[in-house]
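# Structural overview for review
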There are 8 protein chains.
Amino acid sequence: MSKVAILMGSKSDLEAVKPAAVVLKKLGIEAEMRIMSAHRTPFVVAEFASKAANAGYEAIIAAAGKSAHLAGVVAAHTLLPVIGIPMKTSDLGGMDSLLSVVQMPSGIPVATVAINGAENAGILVARILALKYPAVRDALAKHRAEIERQAVEADTELVKEGI
Amino acid sequence: MSKVAILMGSKSDLEAVKPAAVVLKKLGIEAEMRIMSAHRTPFVVAEFASKAANAGYEAIIAAAGKSAHLAGVVAAHTLLPVIGIPMKTSDLGGMDSLLSVVQMPSGIPVATVAINGAENAGILVARILALKYPAVRDALAKHRAEIERQAVEADTELVKEGI
Amino acid sequence: MSKVAILMGSKSDLEAVKPAAVVLKKLGIEAEMRIMSAHRTPFVVAEFASKAANAGYEAIIAAAGKSAHLAGVVAAHTLLPVIGIPMKTSDLGGMDSLLSVVQMPSGIPVATVAINGAENAGILVARILALKYPAVRDALAKHRAEIERQAVEADTELVKEGI
Amino acid sequence: MSKVAILMGSKSDLEAVKPAAVVLKKLGIEAEMRIMSAHRTPFVVAEFASKAANAGYEAIIAAAGKSAHLAGVVAAHTLLPVIGIPMKTSDLGGMDSLLSVVQMPSGIPVATVAINGAENAGILVARILALKYPAVRDALAKHRAEIERQAVEADTELVKEGI
Amino acid sequence: MSKVAILMGSKSDLEAVKPAAVVLKKLGIEAEMRIMSAHRTPFVVAEFASKAANAGYEAIIAAAGKSAHLAGVVAAHTLLPVIGIPMKTSDLGGMDSLLSVVQMPSGIPVATVAINGAENAGILVARILALKYPAVRDALAKHRAEIERQAVEADTELVKEGI
Amino acid sequence: MSKVAILMGSKSDLEAVKPAAVVLKKLGIEAEMRIMSAHRTPFVVAEFASKAANAGYEAIIAAAGKSAHLAGVVAAHTLLPVIGIPMKTSDLGGMDSLLSVVQMPSGIPVATVAINGAENAGILVARILALKYPAVRDALAKHRAEIERQAVEADTELVKEGI
Amino acid sequence: MSKVAILMGSKSDLEAVKPAAVVLKKLGIEAEMRIMSAHRTPFVVAEFASKAANAGYEAIIAAAGKSAHLAGVVAAHTLLPVIGIPMKTSDLGGMDSLLSVVQMPSGIPVATVAINGAENAGILVARILALKYPAVRDALAKHRAEIERQAVEADTELVKEGI
Amino acid sequence: MSKVAILMGSKSDLEAVKPAAVVLKKLGIEAEMRIMSAHRTPFVVAEFASKAANAGYEAIIAAAGKSAHLAGVVAAHTLLPVIGIPMKTSDLGGMDSLLSVVQMPSGIPVATVAINGAENAGILVARILALKYPAVRDALAKHRAEIERQAVEADTELVKEGI
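Owing to the predicted nature of the structure, the values given are computational and were not obtained by experimental measurement.

### Some details on the overall build of chain A
Secondary structure summary: chain A contains six helices and five strands in total. Written out in order from the N terminus, the α and β elements of chain A read β-α-β-α-β-α-β-α-β-α-α. Over its C-alpha trace chain A gives a radius of gyration of 17 Å, about what one expects of a compact globule, namely 15 Å for 163 residues. Judged by the C-alpha coordinates and their principal axes, chain A covers about 55 × 40 × 30 Å. Residues classed as buried in chain A amount to 69% of the 163 residues present.

Okay, here's the thing in structure tokens:
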């Protein structure tokens, strides 16, 4: 069965990145969180990304903030799909991270989700793996139905309460 | 074998979207371009997206500009991976399209590439399908090597010419 | 008499959206708040919007944040006037919501108010309905006079206090 | 029958504003274009806006660029629905106009459309008047169907041509 | 002797606007604070601005936020120098106010200071009045020297403390 | 009679800055254009600004682009009113210039006009000098009436032509 | 041995600037912090910068916010390398400071680091001085290894803890 | 004597990057231009940067656009000073490149110059090398004087011509 790596540039990103791991677990996908930095441990990143496919990973989520190079550098060293999470920043709100992650030049794409969009990064990986693993497809469908049900219930409750 | 849909919101997007189709063809992936709009033909979009998985599509690329809702709406109607291309706009440069595509709320992800990043959208789809189709994996590896070779050649040429 | 729907993408928008309902009530217009999401419950949105005119609604207010597609999708399924409220976001301040709501392509307009501008959304609806319902026209005039009076009083008080 | 005013801050806005008049005419709504400026002819604006309702206007479209105060000032002098068109600017692309038009404080709303969104301003007025005038409702429905048909035809043509 | 008006769009701006009054007082210039809104009390603004020169005012400071039209509208009704203070906003940080105030079209200038720059608005008025009133010139020179001295003292203290 | 200096950071700014000189001449105010740079000729700037008041200047207009420090540096060396013109830039449209000019810290104000707002810089200077020189006041009133007349004529012509 | 000046525009910048001094000390480089302002004490800045090379300084770090002219003005008065730190601002997050510091016109460069990037400013100075001083080179290498080790340890710990 | 590397991410950057080489040559510093990409040839970049110090390079200029990771990745593999040039982009004007280059996380600084600021990148390198090489110091001083002289001449000429 499939394995997913969740990389983050710094330990301080952990809380914001965790929802990716949580939703992947919920969808039955094995995930591993790692701290590695395109700037502080570039050789670790290069080696990990280069060997990721052979090590059995099928997708890599990479979260980083500011000059967020992690996802792009990982994507440069693997052919696996790489999902980038731009982290919110305290000064520019994450606009710096977003542009650093999403504006990749032709040839090396990064599948970018919203600023601090860790949960969606996990769900996107599930959509990708669902093409190959029927169990993930089923888990996703159930999850999708649950999301829908919650929205419907919230609506029902609001209508009941009135304004 | 796999099939990919490339949707665009308007015929005027065609030239900027074509590189997705070109690179997919080069990588041996069948692609179909369609014009449909989340705003002008919402029922067509809903129906297409809802039936896309059963119709044999394995990924959907959606390109739109300004209030670029196409990718998000498609993602709301399917569990397939949806890749969003924010189109450059004449007034805000595509910042409007980018934020409309990438900032999806939790639950429904869109894999966003750069503004006008059609070629990367195609390559991202190939990275996704490569998990399942070894032929795509091989084509991608060849393509990746070619990109690398071109960069190396450009460097060699520049070094030869001197400044 | 006229009926207005106030849609929001998520329950978390409720507090910020309420001023629309409050001002509509004050102006004598019946309003109903609903939670529905262009992404999580797209069929609910499509069905509601498609039938809204026949169900007696005369205007629809739609509030959403981030990739705020709700107002645009609603506008695609109805010919009623649709008022969009871009919700403030914690990272980009609502610039993402604003551009997602206001930059609609030709053919399907959304009447956009300020970020978190729920009260103005309600007043705008009243201005629209006042064309048809003299009572609303009168309520609006009274409300307008009250706003003016409050500003004049605040000025008078400040002048009295001195600096 | 209803009458609509289309105001613009400067003669140089004429070409970009015309689509509002064109679409209104197409939808059977009488429109009048006027040049008046919140800054250069403020008394003209105040007088026009104050008397617009009595003069038989039912909606006012106001287009201006840069520090685009026209729509807001008009809205301050009338209770009619006011639609603001932020004009594209040569330096900031219209971001200045957009924020000047849309970010109205509580009490005085402006229904804002996209940057240079004159056609949508016209259609929005039609949606508003359609509540009162069945003929406008019918014209709008026909127009909406035409927009849809054009999108479907463009799609059909593209599918025929192939890539 | 000269008199200056300090206008603000809303009572909630008072705390942020006060430094203008404080510095003007310190520089020996009589100032009067008033609340009036380009949108809620447009006739008050128009009348005040039109008569300001005859009433003995020699400069007008106008502070407003969001679609900050106050300074521009005042400038449209007087030939006095008008100083605009863009107020910080909770969502866009005041970028909306800044662009609304500073991007005035040709013909009607507003002398814009920084976001929440009330103190500088007062000093700017003093620089203007100093051309005519030697006492203001002297007060300004003293104030300027004081500013310089404070900076020098802060430096001296820091050097003494070491790192 | 009064004298005004118009400084620009580079010869390439000349065409965009000229309207300041043109309008000043029209309003009967003597103006002198100079090229000096806060970065390339800082001593020239410091000396000029320090001596400007004694040399008979009554206001200084300073135009610069990108990291536009000229107006701020001039304002630091004089007590005269300093008007800053942020120049449009080819990459960021002048947002860089605008923020560099307008966001002055407390103590040293720059009266900022719009991006490339040279004409308004000249008119603003005239409004300032009009406090002291009745002839300037009269010229300004005539100019203001002319602006208004042109706007009215443009309107009349448009109404005549119809749509 | 080498000496570095760390200038800041205001005492309020002290806490955010200190990390530059701390890291320089750690790397064995003598640093001196000074408060001087391009706007409030321009002559102090000009004199300090003009004499800095002769006084034995080999690099100057300059931190300022808003219209952050300090680094540019310093660079105009010396040939030493000048490192600019744009300070975070409460309204625009530091975008104003960043553009004011980094967008220097041709001829006078400022080596700009991230918003509030004081620590990196110190490390950058060390990289510069390391070209000349082997001891700095060694200290830097050790520091670089430590940064790497910390990142590796954080990763090891996370892997151990699991998700 | 010293040697400088000028790296660019793509051949299309050549024209905009050349001024760095031109000014370095003028200042008597040997420079070598190379094309290498953090994304397309990451191993080339890692190897080049890792060995640059031993190969005799004393500074590295790195120019890239969009998600501009080149300078950051180079800085991660060397202790030499790295100067980053953010390239202008056709959609966002280079704001994406700027934020990707300048917002480096603590530990690994990039000395960032203006968007398309290649000439300043060269001059900054000269300022750095001037600390060690008196000849560069002299060349810089001469160059600085020349810049100043040109500005003075432009001013003289303008004053002669009059307005």
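That was the structure; now back to the text.
### So, the interface of chain C and chain D
Taken together, the contacts link 39 residues of chain C with 39 residues of chain D. Counting the surface lost from both chain C and chain D, the interface buries some 3400 Å², and carbon and sulfur atoms represent 64% of this. Three residues, Leu79, Arg127 and Leu131 of chain C, lead the burial of chain C against chain D; their summed loss comes to 24% of the area buried on that side. Between the two partners, chain C and chain D, sit zero salt bridges. When residues of the side of chain C that touches chain D are traced back to their parent elements, those giving at least two are helix 3 (70-76), helix 4 (95-102), strand 5 (111-112), helix 5 (118-130) and helix 6 (134-161) of chain C. At seven residues, helix 5 of chain C tops the list of elements feeding residues into the side of chain C that touches chain D. Its residues assigned to classes, the side of chain C that touches chain D shows 27 nonpolar, six polar and six charged.

### Some thoughts on the arrangement of the chains
Over all C-alpha pairs, chain C and chain H never come within contact, reaching a minimum spacing of 15 Å. A minimum C-alpha distance of 11 Å separates chain D and chain H, which share no contact.

### Examining the relation of the copies chain H and chain G
For the match of chain H to chain G, the screw axis carries a shift of 0.0 Å, the RMSD comes to 0.0 Å, and the turn is 180 degrees. Expressed as a symmetry operation, the mapping of one chain copy onto the other fits a two-fold axis. Comparing interface residues between copies, 100% of those in chain H also sit at the interface in chain G, which points to an isologous, same-surface contact.

### With respect to the confidence of the model for chain A
Residues with a pLDDT of 70 or more make up 99% of chain A, whose mean pLDDT is 96. Interface confidence in the predicted complex, given as ipTM, is 0.97; pTM for the same model is 0.98.

### Topic: the relation of the copies chain C and chain D
At an RMSD of 0.0 Å, chain C and chain D line up after a rotation of 180 degrees and a shift of 0.0 Å along the axis. Here 100% of the interface residues in chain C have copies in chain D that are interface residues too; the copies meet face to matching face.

### With respect to the pairing of strand 1 (residues 3-8) of chain F
Residue and element names in this part refer to chain F. Counting buried positions along strand 1 yields six of six residues, so the element is predominantly enclosed. Note that strand 1 and strand 2 (residues 30-35) share six bridges and pair parallel. Among the inter-strand pairings, Ala5 is bridged to a residue of strand 2, identified as Glu32. Where strand 1 lies against strand 3 (residues 57-64), six bridges are found, and the strand directions are parallel. Note on strand 3: the bridge partner recorded for Ala5 is Ile60.

What counts and how
Residues numbered from 1 in each chain as written. Chains lettered and ligands numbered in written order. Predicted model: local features only at pLDDT ≥ 70, side-chain atom pairs only at ≥ 80, totals over all residues. Heavy atoms only, no water. Helix = DSSP H or I, 4+ residues; strand = E, 2+ residues; numbered from the N terminus. Rg over C-alpha atoms; globule rule 2.2 N^0.38 Å. Buried < 20%, exposed > 50% of the residue type's maximum accessible area, 1.4 Å probe, protein only. Contact = heavy atoms within 4.5 Å. Buried area = accessible area lost by both parts, 1.4 Å probe. Salt bridge = Lys/Arg side-chain N within 4 Å of Asp/Glu carboxyl O. Nonpolar A, V, L, I, M, F, W, Y, C, P; charged D, E, K, R; others polar. Least-squares fit on C-alpha atoms with pLDDT ≥ 70 in both. pLDDT = per-residue confidence, 0-100. Pairing = 2+ DSSP bridges.

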